[in-house]
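# Survey of secondary and tertiary structure
The chain contents come next:
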Amino acid sequence: MPIILFISDTLFSYSHISPSTIVYTFPVNGGGVVVYADSRTDPSVTGEQNQAPPKKKVVVLGTGWAGTSFLKNLDSSMYDVHVVSPRNYFAFTPLLPSVTCGTVDARSIVEPVRNIIRKKGGGIKFWEAECFKIDPTNKKIYSKANTFNTPGVIEHCHFLKEVEDAQRIRRSVIDCFERASLPNLTDEERKKNLHFVIVGGGPTGVEFAAELHDFVNEDLVKIYPRVQELAKISVIEAGEHILTMFDKRITEFAEGKFQRDGINVKTGYKVVNVSDRSITMVGKGAGEVDVPYGMAVWSTGIGTRPVMLDLMKQIGQGGRRALATDEWLRVRECDGCMRSAIEDISAIFRVADADNSGTLTVKEIQDVLGDICERYPQVELYLKSKQMKSLDMELNIEQFKKALEHVDFQVKNLPATAQVAAQQGAYLARCFNLMQDVEGNPEGPLRIRESGRHRFRPFRYRHLGQFAPLGGEQTAAQLPGDWISIGYGSQWLWYSIYASKQVSWRTRVAVVSNWARRFIFGRDSSCI
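I will try to describe carefully the structure that is included in this document. The model shown is predicted, which means the values in this text are computed figures rather than measured ones. (Residues numbered from 1 in each chain as written. Predicted model: local features only at pLDDT ≥ 70, side-chain atom pairs only at ≥ 80, totals over all residues. Heavy atoms only, no water.)

## Some words on the pairing of strand β18 (residues 287–292)
The pairing of strand β17 (residues 278–283) with β18 spans six bridges and is antiparallel. Residue pairing in the sheet places Val282 in a bridge with Glu288 of β18. Between β17 and β18, which follow one another and run antiparallel, lie three residues, and Gly285 among them has a positive phi close to 75°. (Pairing = 2+ DSSP bridges. Helix = DSSP H or I, 4+ residues; strand = E, 2+ residues; numbered from the N terminus.)

## Section: helix α9 (residues 248–261)
Given a rise of 1.5 Å per residue, 14 residues ought to cover 20 Å, and the 20 Å separating the end C-alpha atoms of α9 matches this to within 8%. For α9, the set of buried residues is Ile250, Thr251, Ala254, Gly256, Lys257 and Phe258. Each element contacted by the buried residues of α9 is listed here: α8 (203–223), β14 (232–237), β15 (264–267), β22 (466–471), β23 (474–479) and β24 (483–487). Backbone geometry just downstream of α9 places Gly262 in the positive-phi region, at approximately 85°. (Expected span 1.5 Å × (residues − 1). Buried < 20%, exposed > 50% of the residue type's maximum accessible area, 1.4 Å probe, protein only. Contact = heavy atoms within 4.5 Å.)

## Re the packing of aromatic side chains
Applying the stated criterion to the full structure yields 16 aromatic pairs. Aromatic rings pair up to connect Trp65, Phe90, Phe92, Phe467, Trp492, Trp494, Tyr495, Tyr498, Trp515 and Phe519 into one cluster. Over the face of the ring belonging to Phe253 we find Arg260, whose NZ or CZ atom lies 5.9 Å from the ring centre. (Phe/Tyr/Trp six-rings, centres within 6.5 Å; stacked < 30°, edge-to-face > 60°. Lys NZ or Arg CZ within 6 Å of the ring centre and 35° of its normal.)

## Let's talk about the side chain of Thr507
Relative to the helices and strands, Thr507 resides in helix α18 (residues 505–521). For Thr507, a relative accessible area of 1% corresponds to the buried category. The residues contacting Thr507, other than those within four sequence positions of it, are Ser108, Val110, Glu111 and Gln502.

## Details of the nonpolar core
Membership of the largest hydrophobic core comes to 65 residues, with the highest contact counts inside it found for Ile109, Val173, Phe177, Leu243 and Trp515. Broken down by element, the residue count for this core peaks at nine residues, all from α8. Val173 has contacts with Phe196, Leu212, Phe215, Leu220 and Met295, leaving out every residue within four places of it along the chain. Phe126, Leu428, Cys431 and Phe432 belong to the second largest nonpolar core, which has 23 residues in total. (Core = buried A, V, L, I, M, F, W, Y, C linked by side-chain atoms within 4.5 Å.)

## Describing the sheet that holds β14
Read across the sheet, four strands follow the order β15-β14-β13-β19 without closing on themselves; strand pairing throughout is parallel. The open sheet has two free edges, formed respectively by β15 and β19 (295–298), since each of these has just one partner strand. Ignoring strand direction, the axes of neighbouring strands in this sheet form an average angle of 15°. When strand β13 (residues 195–199) meets β14, the two strands line up parallel, connected through five bridges. Looking at β14, one finds that Phe196 is bridged to Ile233. (Axes fitted to C-alpha atoms, helices over the stretch in contact; angles between N-to-C directions.)

## Topic: the pattern of salt bridges
Summed over all chains, the structure comprises 22 salt bridges. One salt bridge in this structure joins Lys133 and Asp310, with 3.6 Å as the shortest N-O distance. You can call Lys133 partly exposed: its relative accessible area is 30%. On the basis of relative accessible area, Asp310 is assigned to the partly exposed category, the value being 27%. Glu443 is the partner of Arg430 in a salt bridge, and the nearest nitrogen-oxygen pair spans 2.7 Å. Note that Arg430 is positioned in helix α15 (residues 418–433) and Glu443 in the loop between α16 (437–440) and β22, a separation of 13 residues in sequence. A relative accessible area of 35% means that Arg430 is categorised as partly exposed. One connected set of salt bridges, linked through shared partners, spans Glu218, Asp219, Glu473, Arg518 and Arg523. (Salt bridge = Lys/Arg side-chain N within 4 Å of Asp/Glu carboxyl O.)

## A look at unusual backbone geometry
Not every positive phi belongs to a glycine, and Leu243 is a case in point at roughly 50°. Secondary-structure assignment places Leu243 in the loop between β14 and α9. The phi angle at Glu473 is positive, at roughly 60°, despite the residue not being glycine. Note that Glu473 resides in the loop between β22 and β23.

## Notes on empty space enclosed by the protein
Its boundaries defined by the atoms lining it, the largest cavity holds a volume of some 150 Å³. In terms of lining, the largest cavity is formed by 17 residues, of which the most central are Glu211, Asp214, Glu473, Gln491 and Tyr495. Top contributing element to the lining of the largest cavity by residue count: α8, with four residues. Of the residues assigned to the lining of the largest cavity, the class counts are six nonpolar, five polar and six charged. (1 Å grid on protein atoms, 1.4 Å probe; cavity = no way out; pocket = protein on both sides within 12 Å on 5 of 7 lines; lining within 4 Å. Points joined across faces, edges and corners; volume = space filled by probe spheres on them. Nonpolar A, V, L, I, M, F, W, Y, C, P; charged D, E, K, R; others polar.)

Right under this line is the structure:
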């Protein structure tokens, strides 16, 4: 869920927050809304008068990756901080596939929000409630998976977004095996019950398929020997390959390994309907195909939450798939978001042309290039793609425009991943911590359309790599510098990184002990 920033003179209540002036909106991929307000302490809420100067109010809606990262990095002594969330914990979502098969316990990957608050030294208030409406006109905030509108998905498919989803999938897998073991079923009925279908060949779908394969072949076959040969796992992907966001070498290895493991990968098929008995899909030249299943998991991406869709309609962004922001993660209603370099070409030229000669010398370009690259990261990416360190030539405005006319093609939307959300939350916390310091000493690049400098440097995402566990203690890793690693060594790298990324030592020890327990005793198959 996006992070939203308001400034106001307001009192906090459990049911709603009423800011008087909306200033910025900070969208962050996955985890909360931040409401920022000039406020006075309400004696009716605190029970006592606060004689100290009033602190600015920060309300965090949600305890996902962005919200939790923001909380952990925020100097809470500077603000009156409130956290509002329908769940009172943070979940380490990359390990949800492991929860579905009992490799890791659900409680091992969650950290209570109040533990995080307590470690901040107190002063942060938590309210277990859900934001269901944001009203930018009256300045009030009142306290889903993406199905692509495919009929039957909500009613008959599992999702894998929350801890509760993983627990339901785990129970469903065991139930399928128990039903298939009943004596009065035919082999066809047993095959249907033991056909597990994953719709979506992205990282989550692939990792779940790998976890489920290991669970079935390493643990459940010992308990259900009569039906072990009937179990089948299928991955349905609309594209031509699975893991398309990874390097081609990883995609080919993953597809080959799944084929060797007996996991049926059906690419080029689009699911058009899901009933309680079968999944209907359409393939190129194949027409409609009905596939009976025992359990289906829908893993095709993240949908925008209804509360954000409603907000986007109110601010003129109803036609977008996600909330549009600028380089500082701000939304000023819908004005000035994600400006392209070519739109500001005249203003950029005017700022760079210090002597008003109508041309840019090499020195003038060098003087402002750092600010331009910081304000428009696509310029730096363009120069790198052309293996250029600078525009080392004298240019008039038309030549300058021609030199930069292709840079905006380098702009790409950031993926809605935990890694992006955590970095965005930490960036916003840093901005809040420096809010007073930068008023007189801004650190950002030159303003192109106005005088002075921006208060903060723009947000820059730093990609730290990505993993795709493929089962059998093998993982594919794609790390910065085009470094590709596939195999057992990458699996141990995955173990170490995921353990180190836990938000507390309690969850870190719990996750590592779960892995050790699985190595020694296997996975637990109880239907709890």
